[in-house]
2 protein chains.
Amino acid sequence: MNTFSSKLLEAAVNEFSALPGVGKKTALRLVLHLLKQDSSKVSAFSESILRLKNDSKICKVCYNLSDYDVCEICTNPHRQSDLICVVEDIRGVMAIENTQQFRGKFHILGGRISPMEGIGPSDLNIDSLLERVQSIPGGEVILALSPTTEGETTNFYLFKKLNGINVTVTTIARGVSFGDELEYADEITLGRSILNRIPYKVGNS
Amino acid sequence: MNTFSSKLLEAAVNEFSALPGVGKKTALRLVLHLLKQDSSKVSAFSESILRLKNDSKICKVCYNLSDYDVCEICTNPHRQSDLICVVEDIRGVMAIENTQQFRGKFHILGGRISPMEGIGPSDLNIDSLLERVQSIPGGEVILALSPTTEGETTNFYLFKKLNGINVTVTTIARGVSFGDELEYADEITLGRSILNRIPYKVGNS
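Residues numbered from 1 in each chain as written. Chains lettered and ligands numbered in written order. Predicted model: local features only at pLDDT ≥ 70, side-chain atom pairs only at ≥ 80, totals over all residues. Heavy atoms only, no water.

Now for the pattern of salt bridges. Residue and element names in this part refer to chain A. If you walk through the whole model with that rule in mind, you get ten salt bridges over all chains. Taking the shortest distance from any N to any O, the salt bridge between Arg-79 and Glu-97 comes out at 2.8 Å. Of the two residues, Arg-79 sits in the loop between strand 2 (65-66) and strand 3 (83-87) while Glu-97 sits in helix 4 (residues 90-99), which places them 18 residues apart along the sequence. The pair Arg-79 / Glu-97 is uniform in exposure class, with both members buried. Bridged by salt links that share partners, the residues Glu-88, Arg-112 and Glu-150 form one connected network. (Salt bridge = Lys/Arg side-chain N within 4 Å of Asp/Glu carboxyl O. Helix = DSSP H or I, 4+ residues; strand = E, 2+ residues; numbered from the N terminus. Buried < 20%, exposed > 50% of the residue type's maximum accessible area, 1.4 Å probe, protein only.)

Okay, the sheet that holds strand 4 (residues 105-108) of chain B next. Strands belonging to one sheet form pairs held by backbone hydrogen bonds; the direction of such a pair is parallel or antiparallel. Residue and element names in this part refer to chain B. Reading across from one edge, 4-3-5-6 is the order of the four strands in this open sheet, with parallel pairing throughout. Strand pairing shows two members of the sheet lacking a second neighbour, strand 4 and strand 6 (168-171), which therefore form its edges. Averaged over all pairs of adjacent strands, the angle between strand axes in this sheet comes to 25 degrees, irrespective of strand direction. As defined by bridge partners, strand 5 (residues 140-143) adjoins strand 6 across four bridges and the pair is classed as parallel. From the neighbouring strand, Glu-140 faces strand 6, where its bridge partner is Thr-168. Where helix 5 (residues 126-134) meets the sheet, its contacts fall on strand 3 (83-87), strand 4 and strand 5, and the angle it forms with strand 4 comes to roughly 155 degrees. Strands strand 3, strand 5 and strand 6 of the sheet are contacted by helix 6 (residues 149-162), whose axis makes an angle of about 165 degrees with strand 5. (Pairing = 2+ DSSP bridges. Axes fitted to C-alpha atoms, helices over the stretch in contact; angles between N-to-C directions. Contact = heavy atoms within 4.5 Å.)

With that out of the way, let us pick up the sheet that holds strand 5 (residues 140-143) of chain A. All names here are of chain A. The four strands are arranged 4-3-5-6 in an open sheet whose pairing can be described as parallel. The sheet is open, and its two edges are formed by strand 4 (105-108) and strand 6 (168-171), each paired on a single side. On average, adjacent strands in this sheet sit at an angle of 25 degrees to one another, irrespective of strand direction. Across the sheet, helix 6 (residues 149-162) lies against strand 3, strand 5 and strand 6, angled at about 165 degrees from strand 5, the strand it touches most.

Turning next to the pairing of strand 4 of chain A. Residue and element names in this part refer to chain A. The side-chain alternation of strand 4 yields two buried faces, one formed by Lys-105 and His-107 and the other by Phe-106 and Ile-108. As judged from the four bridges shared by strand 3 and strand 4, these two strands associate in the parallel manner. Following the sheet pairing, Cys-85 is matched in strand 4 by Phe-106. Note on the crossover from strand 3 through helix 4 to strand 4: the handedness is right-handed. (Right-handed = clockwise from strand over helix to strand, strands pointing away.)

What follows is about the environment of Lys24(A). With respect to the element layout, Lys24(A) can be found in helix 2 (residues 24-36). With 20 residues separating them along the chain, Lys24(A) and Ala44(A) place their C-alpha atoms 23 Å apart.

Okay, the relation of the copies chain A and chain B next. Copies of the same chain, two in number, are related to each other by a rotation about an axis and a translation along it. Once chain A is rotated about the relating axis by 180 degrees and shifted along it by 0.0 Å, it coincides with chain B to within an RMSD of 0.1 Å. Those values place the two copies in the arrangement expected of a two-fold rotation axis. Taking C-alpha positions as the reference, the residue of chain A nearest the rotation axis is Ser46(A), at 2.4 Å. The overlap is high: 100% of the interface residues of chain A also sit at the interface in chain B, so the same surface is used on both sides. (Least-squares fit on C-alpha atoms with pLDDT ≥ 70 in both.)

Further remarks concern the packing of aromatic side chains. The full count for this structure, using the stated rule, is six aromatic pairs over all chains. Members of the aromatic cluster, joined through ring pairs, are Phe16(A), Phe45(A), Phe16(B) and Phe45(B). (Phe/Tyr/Trp six-rings, centres within 6.5 Å; stacked < 30°, edge-to-face > 60°.)

Okay, the side chain of Asn64(B) next. Note on placement: Asn64(B) falls in the loop between strand 1 (57-58) and strand 2 (65-66). Here the side chain of Asn64(B) touches Ser5(A) through a polar contact of 3.3 Å, side chain to side chain. Residue contacts for Asn64(B): discarding those within four places in its chain leaves Ser5(A), Lys57(B), Ile58(B), Cys59(B), Cys71(B), Ile73(B), Ile90(B), Val93(B) and Ile108(B). (Polar contact = N/O pair within 3.5 Å; in protein donor to acceptor, adjacent residues only side chain to side chain.)

Turning our eyes to something else, we now look at the domain arrangement of chain A. For chain A, the assigned domains are domain 1 (7-55) and domain 2 (65-171). One C-alpha centre belongs to domain 1 of chain A, the other to domain 2 of chain A; they are set 34 Å apart. (Domains from an automatic or database assignment.)

Let's shift gears to the nonpolar core. Core analysis: the largest hydrophobic core is formed by 44 residues, its most contacted members being Leu9(A), Phe16(A), Leu52(A), Leu9(B), Phe16(B) and Leu52(B). Mapped by element, the contributors of at least two residues to this core are helix 1 (7-17), helix 2, helix 3 (39-55) and helix 4 of chain A together with helix 1 (7-17), helix 2 (24-36), helix 3 (39-55) and helix 4 (90-99) of chain B. (Core = buried A, V, L, I, M, F, W, Y, C linked by side-chain atoms within 4.5 Å.)

With that settled, consider helix 6 of chain B. All names here are of chain B. Along its 14 residues, helix 6 runs 20 Å from first to last C-alpha, staying within 8% of the 20 Å computed at 1.5 Å per residue. Among the residues making up helix 6, those that are buried are Gly-151, Thr-154, Asn-155, Leu-158 and Leu-162. Looking straight down helix 6, one finds that the buried residues subtend no more than 105 degrees of arc, so they occupy a single side. Of the residues in helix 6, the exposed ones pointing more than 90 degrees away from the buried face are Thr-149, Phe-156 and Lys-160. The elements touched by buried residues of helix 6 are strand 3, helix 5, strand 5 and strand 6. (Expected span 1.5 Å × (residues − 1). Arc of directions from axis to C-beta.)

The next point concerns the packing of helix 2 of chain A against helix 4 of chain B. Remark: helix 2 of chain A packs on helix 4 of chain B, axes separated minimally by 11 Å, with the N-to-C direction vectors making an angle of 150 degrees. Every pair of crossing elements has a handedness; the one defined by helix 2 of chain A and helix 4 of chain B is right-handed. Residues Leu28(A), Arg29(A) and Leu32(A) of helix 2 of chain A form the contact with helix 4 of chain B, whose own contacting residues are Ile90(B), Arg91(B) and Met94(B). Looking at the contact of helix 2 of chain A with helix 4 of chain B, its residues break down into four nonpolar, no polar and two charged. (Left-handed = near helix turned anticlockwise from the far one by under 90°. Nonpolar A, V, L, I, M, F, W, Y, C, P; charged D, E, K, R; others polar.)

Quick look at the structure:
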């Protein structure tokens, strides 16, 4: 895979294969697919990523990706300002928004504490979170990081930091996924789902 | 996966997920990866595909993708002009070039005959192939399409078409791949490799 008949092709394949999880052969397949499209489609593809990079903004309040200085969730008057859900990145926002169960606002940390990757608390949007939380006395902060070791470490760090502030700190429930067979659930998840058992309600099982 | 906080993000994700084999979640991962890069890197990515589309050419002789009107393989005086290897597309050229075993020239058909996909002989670069072959009397044409049903159909069609012309028509050897266990080779491949057995030579087994 090093014999390109065109330097332009080689350059494009190299760019694509620099994307995560994209090897040289996949990159070539993607590039040849684009090459077969109309010029207008290729321009649209090319411009979409350039416009996103140049014109998108980071919300000044919650650090969400947005087309505006303050994102549409933060400016929405129908959403609770005293309920802040802390997530790692924009994918967390999208996952929770898709459930349509959350009517508060978000705070995007920008990652999780990871000594392995050299990411410490000062690399994350934690100071701004503490500042926001100070302004919602009696409110609630939901820690919604991924249930990994690093996510739990970050949860614990945040919990400690939020300790002196007059807010309720909660975390998303861990438990057996809907539709899971009990015998295939891992022990930690199953153990926690027994410890944190909830009163049975029809329609809530 | 329909709750984008940014229309620009949504547009870019839609463009990426239109690529073959790329779903919405993968597209989001790729786009967020690009978004984290420097502007110059994103520009380079974006321009590479645009330049390829706008500036690359199709070789007038062999239909290979090239940066010039006639590709570097066709203009190379050290390559045999009377040995033409017929391949489906540029990936065939690259695969064969990577072996460094071929010193002739190529002819890119642009696909294979496929009634299922509505591709007939007139959609492929067959007339130009016949014209080229007429000009190399006594030469050789290697049919190197993929060993699929459609590839074999195309091979057969080309063989018929080349029949009246004074050239040798060959095809790439089919057989058990190097390193394969016999018991796992499929019957057609193994059957052919017995029918087309070759004299044993040290270093050629």
